[in-house]
Amino acid sequence: MMKKILAFLLSVHLLMSCGSNESPSDFDFTTQFEKSEGTETATYEEVIAFYQNLADAYTSVAMYEMRSTDSGKPLHLVTFNPNRTFESEFSDDKRENILLINNGIHPGESDGIDASMMLLRDFAEEKIKAPQNTIIAVIPVYNIGGALNRNSGTRTNQNGPKEYGFRGNARNYDLNRDFIKADTKNARSFTHLFRALDPDLFIDNHVSNGADYQYTLTHLFTQHNKLGGPLGDYLHTSFTPQLEDSLAQKNWDITPYVNVWGTTPENGFTQFMDSPRYSTGYTTLYNTLGMMVETHMLKPYKDRVEGTYELMKSFIAIADNEAEVIKELRKNAMTRFKVGDEYPLAWKVDSSQTTTLSFKGYEGERVPSAVTGANRLKYDRTKPFEKDVTYYNYFEPSNSVTVPEKYIVPQGYWHVMDRLKENGIDYERLRADTSMNAQVYKIRSYESRKRPYEGHYQHYNTQVEMVSQEVQLRKGDYVVSTQQPGIRYLLETLEPTAPDSFFNWNYFDAILQQKEGFSPYVWEDKAEALLNENPEMKAEFEAKKASDENFANNWFAQLDWIHKQSHHYEKSHLRYPIVRVGG
Ligand SMILES: [Zn+2]
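A. Region of the structure containing the coordination of the zinc ion. Distances from the zinc ion to its protein donors, His106 (ND1), Glu109 (OE) and His206 (ND1), fall within 2.0 to 2.1 Å. The sequence pattern formed by the donor residues of the zinc ion is H-x2-E-x96-H. The buried category is assigned to His106, whose relative accessible area is 3%.

In structure tokens form, the structure reads like this:
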């Protein structure tokens, strides 16, 4: 593993001070947010210059240039590490835990960009107590292309700042849907730095859309049943309540993310299920304790940024206090799933268990719209309330598979292997052509979105049938063991029925189309001969005609049915090319 991490590091540049013109102490570390009294967010250039100067001024701060993004500019990573030995934050045997903080994935939601700048400065300047057991790693701006596309209108619902970046990246992708499918260089660059750092904890800073209520701060922790095991229990019963209590003591009430659309929260609401296309869903694949911060869009920008700052400060204090517990839980989680175990791929709400929230909302009512004449929702801020609200925050598996010993990826599927390699997955290559018994999936059915979604016509409701058969494999094909830290990544990308599988993200669409067919006038004579030579097939054919009226009335369907029984029908059609072995 150590070697692999060092290989990762070959593309990391530490940006060090080397005789800059101005002495670092001349730099004014007051942020644009502070200068503007909480009404403006720093530009991309201001953010990078700020951190570069901070790294030049304090040995506890370092800035790295990571891989490129779609904008053409590299992703930056800033670390705060008071016990720094050279590049120790990337080392496997480091004593400290790592918290990775992601900002500006949606650059219009800039709260975390400004809050992180102040937080790292205040740690470096020792204005606030620095963590002793936790290295803080910050992505200053993840969606650089979006941050450069600055405007003052696209956050229609949002109360400040004056100007901000745009949600789409340099190629108009929403990066918080791209972690698994990895269409963008941003996602690939993130994967590289995430796997090199191997963070124990993760925060992704956002601003909410949706309902109105009293809270400025909401937390969207990764779903605890899906994180699973003792680590999931810890997140649910210990870490989350500690964070809520800590913020309540500072008069920063926080509530779980209000997952409510077009209605009001008091009817109850469901926890957000963060599948791996989302940041915290992806980080959960590596047993990282993940949380999205969602500040409330209608609260003043100043309050939102200050709240984000306090939230991160509390989060860090708890994480630092419990560093040993978290390290141990996470280490054990890495080997939780063994060959032959059931692995849950999809989830549904378990309404037999709920949590009652004492929720601070506003009365909402339906009144006639002055614009459309229809009934519209209107919240009345003069009528705040605190009511018990049912929160559906328990989930149970709705689909699972047994864990195989290994997957075999034919070398032709190099685009799949590229993703696995970026994720630091270990593999071997077959040294000779061989055949072996394997489990092979046939795609039985699937549905596809009718409109494009994030660059894809994504599939869903995918059904498969598994058969055991002897398969031919070639020298150089990839053998990937599931018994490695990336096991969850492997199962959730390579099992075709997983909601965010590579299959569902259109990586295998070429197998869904038949490449060869028949001319009916040629096949008529061969089909007749085939039926005459195979009485059993003929009997089955006649039975199908007798029982299926549509079939009986469709001459092409009949010819096609016979063709599919023959040796002429191609074996690759609907055959999922990655096979399972063992388990
Ligand atoms: Zn967002």
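So that's the structure; there's more coming.
B. A look at the domain arrangement of the protein chain. Along its sequence, the protein chain is organised into domain 1 (2-335), domain 2 (401-513) and domain 3 (520-565). The distance between the C-alpha centroids of domain 1 and domain 2 comes to 31 Å. Contacts between the two partners involve 24 residues from domain 1, matched on the other side by 23 residues from domain 2. Here domain 1 meets domain 2 over a buried area of about 2,100 Å², counting both sides, of which 48% is carbon and sulfur. For domain 1, the biggest contributors to the area lost against domain 2 are Ile180, Lys181 and Arg277; these three give 28% of the whole. Here domain 1 is connected to domain 2 by one salt bridge.

C. Structural view of the pairing of strand S15 (residues 406-409). Note that S15 and strand S19 (residues 478-481) share four bridges and pair antiparallel. Bridged to Val409 within S19 is Tyr478. By the bridge criterion, three bridges tie S15 to strand S20 (residues 579-581) in an arrangement that is antiparallel. Paired with Ile408 across the strands is Val579, a residue of S20.

D. A look at unusual backbone geometry. Note the cis peptide between Gly160 and Pro161, where omega equals 5°. Notably, Glu126 is not glycine yet its phi reads approximately 60°, a positive angle. Relative to the elements of secondary structure, Glu126 occurs in the loop between helix H4 (111-124) and strand S5 (134-139). Residue classification places Glu126 among the exposed positions, given a relative accessible area of 70%. Positive phi values are uncommon outside glycine, yet Asn461 reaches one of about 50°. The topology assignment puts Asn461 in strand S18 (residues 459-473).

E. Highlighting the sheet that holds strand S13 (residues 375-392). Here three strands make up an open sheet; going across it, the order is S9-S13-S12 and the pairing mixed. Sheet topology places strand S9 (269-270) and strand S12 (355-368) at the edges, where each strand pairs with a single neighbour. For S12 and S13, the ladder comprises 14 bridges, and the chain directions are antiparallel. Bridge pairing links Gly364 to Tyr379 in S13.

Parameters and conventions
Residues numbered from 1 in each chain as written. Predicted model: local features only at pLDDT ≥ 70, side-chain atom pairs only at ≥ 80, totals over all residues. Heavy atoms only, no water. Donors = N, O, S within 2.8 Å, 3.2 Å for Na, K, Ca; no water. Buried < 20%, exposed > 50% of the residue type's maximum accessible area, 1.4 Å probe, protein only. Domains from an automatic or database assignment. Contact = heavy atoms within 4.5 Å. Buried area = accessible area lost by both parts, 1.4 Å probe. Salt bridge = Lys/Arg side-chain N within 4 Å of Asp/Glu carboxyl O. Pairing = 2+ DSSP bridges. Helix = DSSP H or I, 4+ residues; strand = E, 2+ residues; numbered from the N terminus.

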